[in-house]
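# Structural description and commentary
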Amino acid sequence: MALRMITRRLESKLQPMFSSASLLHSHATSFGFKEVREEEKSQMVGNVFTSVASTYDLMNDLMSGGLHRLWKDRLVSKLHPFPGMKHLDVAGGTGDVAFRILEDINSTRHRVMQDATQDYLHEETRIYICDINPNMLNVGKKRAIERGLGDNKALIWVEGNAESLKFEDNSMDGYTIAFGIRNVTHIEKVLAEAYRVLRRGGRFLCLELSHVDTPIFKELYDYYSFSVIPAMGELVAGDRESYQYLVESIRRFPAQEKFASMIADAGFQKVEYENLVGGVVAIHSGLKL
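My aim in this report is to walk through the structure given alongside it, one point at a time.

Once that is clear, we can look at the overall build of the protein chain. Along its length, the protein chain carries 10 helices and nine strands. Counting every position in the protein chain, which comprises 289 residues, the buried fraction comes to 53%. Taking contacts inside the protein chain between residues at least 6 apart in sequence as the whole, the part at least 24 apart equals 74%. Of the accessible surface of the protein chain, which amounts to about 14,200 Å², a share of 53% is contributed by carbon and sulfur atoms.

This is the structure in structure tokens:
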């Protein structure tokens, strides 16, 4: 009964927001369930991640029961990293995805080191970790040092905006963004930039919290999201509001099919997605051909 009441309250909040979305003027966007001016959103999101940076990894473990680690492993397995690749990981400040890519590449390099015909082994691997928030980048750099990767030239930390990347056209073999595209102001601009910087044959991969369709599971998920996660954020990180934004932003993000069509509209081909844990998260992929 309590679950149904929470679900009904959530639906009553969402319905007027989505029905009025077409009426928003061109300079308005969403910040969770709130309507804000576009120029305000990036600062508000920045404040969220500045607030949670120091407890980001711990909260990810608590909220997902450690599953986020398996989700990121799955993301990297779809990338098929190779020695000498130039890769861009966007919104990857803590280094979680980048470290996995580098580990995979080093493993590949070790397996085929004896094969002198593999010219790509002599190419220099470059993994660019791009994040708009310097505090998140600082967390990643600290983690790199703790892993003995502080001086590793393959890892390059870049402060930058996903909507206006500072990288050249056709310069990257791969592009990943994990739990980041939901927080941008213009998803279309991020997808266009991803397409621009990728080389022909380059792969786009996005891991993001998504939408659950199974009714009973959805009720449980809504209860956990709106009743447990904000309380957990307040208890562990001393910040309820940031985690309230987190769960609200998930509900405002496009559903799996809609997001797939947006990726295709950006020019990517062979677009597909894989639901994990019943759609709690989804991995979308596309190729620039």
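This part is about the packing of helix α8 (residues 215–236) against helix α9 (residues 240–252). Where α8 meets α9, the closest approach of the two axes is 7 Å, and the angle between their N-to-C directions is 155°. Relative to α9, the element α8 is oriented roughly antiparallel. Crossing of α8 over α9 shows right-handed handedness. Across from Tyr 221, Asp 222, Ser 225, Phe 226, Ile 229, Pro 230, Ala 231, Gly 233 and Glu 234 in α8, the residues of α9 making contact are Arg 240, Tyr 243, Gln 244, Leu 246, Val 247, Glu 248, Ile 250 and Arg 251.

So, about empty space enclosed by the protein. As enumerated under the stated definition, the model contains one cavity of 30 Å³ or more in all. Its volume calculated, the largest cavity comes out at about 80 Å³. If you trace the largest cavity, you find 13 residues lining it, with Lys 72, Ala 91, Gly 92, Thr 94 and Ala 178 closest to the centre. Elements that contribute at least two residues to the lining of the largest cavity include exactly α3 (56–64) and α5 (96–112).

A word on the pattern of salt bridges. Counted under the stated rule, the structure contains 16 salt bridges. A salt bridge links Asp 96 to Arg 100, with the nearest nitrogen and oxygen atoms 3.8 Å apart. Taken as a pair, Asp 96 and Arg 100 lie in helix α5 at a separation of four residues, close to a single helical turn. Per residue, the accessibility class of Asp 96 equals that of Arg 100, and both read buried. Where Arg 199 meets Asp 173, a salt bridge forms, and the shortest distance between an N and an O atom there is 3.1 Å. Of this pair, Arg 199 sits in strand β7 (residues 198–209) while Asp 173 sits in strand β6 (residues 172–178), and the two are 26 residues apart along the sequence.

Both strand β4 (residues 126–131) and strand β5 (residues 155–159) contribute to a ladder of five bridges, which runs parallel. Bridge pairing in β5 links Asp 131 to Glu 159. Read from β4 through helix α6 (residues 134–146) to β5, the crossover connection turns out right-handed.

Before going further, it helps to examine the environment of Asp 131. Tracing the backbone shows Asp 131 in strand β4. In this structure Asp 131 comes out as buried when scored by relative accessible area, which is 8%. Taking the C-alpha atoms as reference points, Asp 131 and Trp 157, separated by 26 residues in sequence, lie 8.2 Å from one another. Other than its neighbours up to four places away in sequence, Asp 131 contacts Ala 91, Gly 92, Gly 93, Met 136, Leu 137, Val 158, Glu 159 and Gly 160. Reaching out from Asp 131, the side chain makes a polar contact with the backbone nitrogen of Gly 93 at a distance of 2.9 Å.

Another aspect to go through is the packing of α3 against helix α4 (residues 67–79). Two elements in contact, α3 and α4, have axes whose closest approach is 7 Å; the angle formed by their N-to-C orientations is 100°. When the axis of α3 is compared with that of α4, the two are roughly perpendicular. Residues Asp 57, Asn 60, Asp 61 and Ser 64 of α3 form the contact with α4, whose participating residues are Leu 67, His 68, Arg 69, Trp 71 and Lys 72. Residue composition of the contact of α3 with α4, grouped by class: two nonpolar, three polar and four charged.

A separate point is the nonpolar core. Membership of the largest hydrophobic core comes to 50 residues, with the highest contact counts inside it found for Leu 155, Phe 179, Leu 207, Leu 209 and Val 281. The dominant element in this core, judged by the number of residues it contributes, is α5, at six residues. Setting aside residues up to four positions removed in sequence, Val 281 forms contacts with Trp 71, Phe 179, Leu 207, Glu 208, Leu 209, Ser 210, Glu 274, Asn 275 and Leu 276. By size, the runner-up hydrophobic cluster in this structure holds 27 residues, among which are Ile 177, Ile 181, Val 190 and Phe 253.

Taking 1.5 Å per residue as the helical rise, α4 with its 13 residues ought to reach 18 Å, and the 19 Å between its terminal C-alpha atoms agrees with that figure. Turning to α4, its buried residues are His 68, Trp 71, Lys 72, Leu 75, Val 76, Lys 78 and Leu 79. Take α4 and look down its axis: the buried residues cluster within an arc of 155°, on one side only. Looking one or two residues past α4, His 80 carries a phi angle of roughly 55°, positive in sign.

Rules behind the numbers
- Residues numbered from 1 in each chain as written.
- Predicted model: local features only at pLDDT ≥ 70, side-chain atom pairs only at ≥ 80, totals over all residues.
- Heavy atoms only, no water.
- Helix = DSSP H or I, 4+ residues; strand = E, 2+ residues; numbered from the N terminus.
- Buried < 20%, exposed > 50% of the residue type's maximum accessible area, 1.4 Å probe, protein only.
- Contact = heavy atoms within 4.5 Å.
- Areas by Shrake-Rupley, 256 points an atom, 1.4 Å probe, with all protein chains shown as cover.
- Axes fitted to C-alpha atoms, helices over the stretch in contact; angles between N-to-C directions.
- Parallel < 35°, antiparallel > 145°, perpendicular 65-115°, else oblique.
- Left-handed = near helix turned anticlockwise from the far one by under 90°.
- 1 Å grid on protein atoms, 1.4 Å probe; cavity = no way out; pocket = protein on both sides within 12 Å on 5 of 7 lines; lining within 4 Å.
- Points joined across faces, edges and corners; volume = space filled by probe spheres on them.
- Salt bridge = Lys/Arg side-chain N within 4 Å of Asp/Glu carboxyl O.
- Pairing = 2+ DSSP bridges.
- Right-handed = clockwise from strand over helix to strand, strands pointing away.
- Polar contact = N/O pair within 3.5 Å; in protein donor to acceptor, adjacent residues only side chain to side chain.
- Nonpolar A, V, L, I, M, F, W, Y, C, P; charged D, E, K, R; others polar.
- Core = buried A, V, L, I, M, F, W, Y, C linked by side-chain atoms within 4.5 Å.
- Expected span 1.5 Å × (residues − 1).
- Arc of directions from axis to C-beta.

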